[in-house]
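So you can see what is in the structure, the chains are spelled out below.
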Amino acid sequence: MWRTDLPPALGLRDGDREELTRWTRSSSIRAGLAQRARIVLLAADGVSNTTIADTVGVSRPTVIGWRDRYAAHGLAGLEDEPRSGRPRTIDHRRIVTATLTPPPKRLGVTHWSTRLLARYLNISDATVAKAWREYRVQPWRAESFRFSTDPLLVGKVTDVVGCT
């Protein structure tokens, strides 16, 4: 008997094709999520599991697993599940709150850097960077006017502009 690897085409929910296509084209989405979107789109087009695995660069069981997760949970099934391990002990909201308060005058800076804030809070700079990514905080792109901390600013501006 001839065995075929062609499962029935995966049925997509309303609006999911557009969203999955957007995920595959996005440069800001996690690579794993984009890969899962490609798997589901190919499965919806009726491509065999083996061909999908070869095209995307994963194993056949991985393709089957993501097909099943999408069929059971939709787009939400393609998201990462919570990881095991020790729960987070540092509150990212506290880091963001500290970021939004101006640095002490004695530091002589207009905004926080990851290393400076990490030293101030006594945590690692990678933790600060992770919190900033999670909450999309970019202190160097603040939309408010920043005053220079240079005590010689008036003299420099006078020299450049030529006003006395």
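This text follows the structure it describes.
Residues numbered from 1 in each chain as written. Predicted model: local features only at pLDDT ≥ 70, side-chain atom pairs only at ≥ 80, totals over all residues. Heavy atoms only, no water.

1. Overview of the packing of helix α6 (residues 114-121) against helix α7 (residues 125-135)
Here is step 1 of the chain: The contact between α6 and α7 brings their axes to 8 Å, and the two run at 115 degrees. When the axis of α6 is compared with that of α7, the two are roughly perpendicular. Both α6 and α7 take part in a crossing whose hand is right-handed. Contacts from T114, R115, L117 and A118 in α6 reach D125, V128, A129 and W132 in α7.
Here is step 2 of the chain: A class-by-class count of the residues in the contact of α6 with α7 yields five nonpolar, one polar and two charged. (Axes fitted to C-alpha atoms, helices over the stretch in contact; angles between N-to-C directions. Helix = DSSP H or I, 4+ residues; strand = E, 2+ residues; numbered from the N terminus. Parallel < 35°, antiparallel > 145°, perpendicular 65-115°, else oblique. Left-handed = near helix turned anticlockwise from the far one by under 90°. Contact = heavy atoms within 4.5 Å. Nonpolar A, V, L, I, M, F, W, Y, C, P; charged D, E, K, R; others polar.)

2. Considerations on α7
Here is step 1 of the chain: All of the buried residues in α7 are T127, V128, A131 and W132. The buried residues of α7 occupy an angular sector of 135 degrees when projected down its axis, which confines them to one face.
Here is step 2 of the chain: If you follow the buried residues of α7, they end up packed against α5 (92-100) and α6. (Buried < 20%, exposed > 50% of the residue type's maximum accessible area, 1.4 Å probe, protein only. Arc of directions from axis to C-beta.)

3. What to know about the packing of α5 against α7
Here is step 1 of the chain: In contact at an axis separation of 9 Å, α5 and α7 are set at 90 degrees when each is read in the N-to-C sense. Relative to α7, the element α5 is oriented roughly perpendicular. Here H92, R93, I95, V96 and T99 of α5 lie close against α7, whose contacting residues are T127, V128, K130, A131, W132, E134 and Y135.
Here is step 2 of the chain: Considering only residue class, the contact of α5 with α7 consists of six nonpolar, three polar and three charged.

4. Brief notes about helix α2 (residues 31-44)
Here is step 1 of the chain: The first and last C-alpha atoms of α2 sit 20 Å apart over 14 residues, in line with the 20 Å expected at 1.5 Å per residue.
Here is step 2 of the chain: Looking only at α2, the buried set comprises L33, A34, R36, A37, I39, V40, L41, A43 and A44.
Here is step 3 of the chain: In this structure, the buried residues of α2 make contact with α1 (16-25), α3 (49-56) and α4 (60-73).
Here is step 4 of the chain: Two residues or fewer past α2, G46 is found with a positive phi of approximately 85 degrees. (Expected span 1.5 Å × (residues − 1).)

5. Things to note about the packing of aromatic side chains
Both the distance between ring centres and the angle between the ring planes are used here to describe each pair of aromatic rings.
Here is step 1 of the chain: Inspection of the entire model under this criterion finds one aromatic pair.
Here is step 2 of the chain: On the numbers, 5.0 Å between centres and 45 degrees between planes, the contact of W112 with Y120 is tilted.
Here is step 3 of the chain: When its relative accessible area of 45% is taken as the criterion, Y120 is described as partly exposed.
Here is step 4 of the chain: The side chain of R13 reaches across the aromatic face of Y70, ending 5.4 Å from its centre. (Phe/Tyr/Trp six-rings, centres within 6.5 Å; stacked < 30°, edge-to-face > 60°. Lys NZ or Arg CZ within 6 Å of the ring centre and 35° of its normal.)

6. Quick word on the nonpolar core
Here is step 1 of the chain: With 18 residues, the main nonpolar core has L20, W23, I39 and L78 as its most contacted residues.
Here is step 2 of the chain: Residue assignment for this core shows that the elements contributing at least two residues are α1, α2, α3 and α4.
Here is step 3 of the chain: Sort the elements by how many residues they give to this core and α2 lands first, with six residues.
Here is step 4 of the chain: In this structure, L20 is in contact with L12, A37, V40, L41, L75 and L78, ignoring residues within four places of it in sequence.
Here is step 5 of the chain: Residues A118, V128, W132 and V137 belong to the second largest nonpolar core, which totals 13 residues. (Core = buried A, V, L, I, M, F, W, Y, C linked by side-chain atoms within 4.5 Å.)

7. With respect to the pattern of salt bridges
Here is step 1 of the chain: Applying the stated criterion across every chain yields a total of eight salt bridges.
Here is step 2 of the chain: The salt bridge involving D91 is made with R93; its shortest N-O contact spans 3.4 Å.
Here is step 3 of the chain: You can call D91 partly exposed: its relative accessible area is 34%.
Here is step 4 of the chain: Linked by salt bridges that have partners in common, R30, R36, E79 and D80 make up one network. (Salt bridge = Lys/Arg side-chain N within 4 Å of Asp/Glu carboxyl O.)

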